[in-house]
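Working through the structure, step by step
Now for the letters of each chain:
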Amino acid sequence: MGGVWERMIRSVRQILKDTLKERLVSDEVLLTVIAEVVNILNSRPLTHNSDSPLDEQPLAPDHLLHLRPCLGLPPGVFD
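Residues numbered from 1 in each chain as written. Predicted model: local features only at pLDDT ≥ 70, side-chain atom pairs only at ≥ 80, totals over all residues. Heavy atoms only, no water.

Another aspect to go through is helix α2 (residues 27-42). Residue pairs spaced three or four apart in an α-helix point in one direction, given the helix's 3.6 residues per turn. Here α2 is 16 residues long and its end C-alpha atoms lie 22 Å apart, about the 22 Å a rise of 1.5 Å per residue gives. For α2, the set of buried residues is Val 33, Glu 36, Val 37 and Leu 41. Mapping the buried residues of α2 onto a view down its axis gives an arc of 130 degrees, with all of them on the same face. Exposed side of α2, more than 90 degrees from the buried face: Asp 27, Glu 28 and Leu 31 are the residues found there. On its buried face, α2 is in contact with α1 (3-20) and α3 (61-66). (Helix = DSSP H or I, 4+ residues; strand = E, 2+ residues; numbered from the N terminus. Expected span 1.5 Å × (residues − 1). Buried < 20%, exposed > 50% of the residue type's maximum accessible area, 1.4 Å probe, protein only. Arc of directions from axis to C-beta. Contact = heavy atoms within 4.5 Å.)

As structure tokens, then:
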């Protein structure tokens, strides 16, 4: 029944695991990583993603949240 929520939780856990690699971090770093996770999840396409550079960007949750296309910046590097 909660397949969508479970999939989102799985996505968050996977991004956190890939980003932090089982390190202990401070509260400030954790908040920064959570902000990166939110950015990654909200930039996932909701519609078909075309391979042609001439096509428009696919619709993503960021488009609906900000009412404009958002820049696709890569996630930060954490040492």
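This next bit is on the nonpolar core. If you look at the biggest cluster of nonpolar residues, it comprises 5 residues: Ile 15, Leu 20, Val 33, Val 37 and Leu 41. Secondary-structure elements contributing two or more residues to this core are α1 and α2. Top element by residues in this core is α2. It accounts for 3 residues. Setting aside chain neighbours within four positions, we find Leu 20 in contact with Val 25, Leu 30 and Val 33. (Core = buried A, V, L, I, M, F, W, Y, C linked by side-chain atoms within 4.5 Å.)

This part takes up a nonpolar patch on the surface. The grouping of Val 25, Val 29, Leu 30, Ile 34 and Val 38 at the surface amounts to a nonpolar patch, some 330 Å² of accessible area in total. Among the residues examined, Val 25 registers a relative accessible area of 33% and is labelled partly exposed. (Patch = residues over 30% accessible without salt bridge, like charges linked within 9 Å, V, L, I, M, F, W, Y side chains within 5 Å. Areas by Shrake-Rupley, 256 points an atom, 1.4 Å probe, with all protein chains shown as cover. Salt bridge = Lys/Arg side-chain N within 4 Å of Asp/Glu carboxyl O.)

Below, the discussion takes up α1. Between its first and last C-alpha, α1 extends 26 Å over 18 residues, near the 26 Å set by a 1.5 Å rise per residue. Residues of α1 that are buried include every one of Ser 11, Ile 15 and Leu 20, and no others. The arc that holds the buried residues of α1, viewed along the axis, is 140 degrees, so those residues lie on one side. Among the exposed residues of α1, those oriented more than 90 degrees off its buried face are Glu 6, Ile 9, Arg 10, Arg 13 and Lys 17.

Note on backbone geometry: most residues besides glycine have negative phi, and most peptide bonds are trans. For Lys 21, which is not glycine, the phi dihedral falls at a positive 50 degrees. Turning to its location among the elements, Lys 21 is positioned in the loop between α1 and α2. Its identity is not glycine, yet Glu 22 carries a phi of approximately 60 degrees, on the positive side. When you line up the elements, Glu 22 lands in the loop between α1 and α2.

Moving on, we come to the environment of Thr 47. Within the element layout of this structure, Thr 47 appears in the loop between α2 and α3. Between the alpha carbons of Thr 47 and Leu 59 there is a distance of 5.6 Å; along the sequence they are 12 residues apart. The residues touching Thr 47, leaving out its near neighbours within four places in the chain, are Pro 58 and Leu 59. Within polar-contact distance, the side chain of Thr 47 engages the backbone nitrogen of Leu 59 at 2.9 Å. (Polar contact = N/O pair within 3.5 Å; in protein donor to acceptor, adjacent residues only side chain to side chain.)

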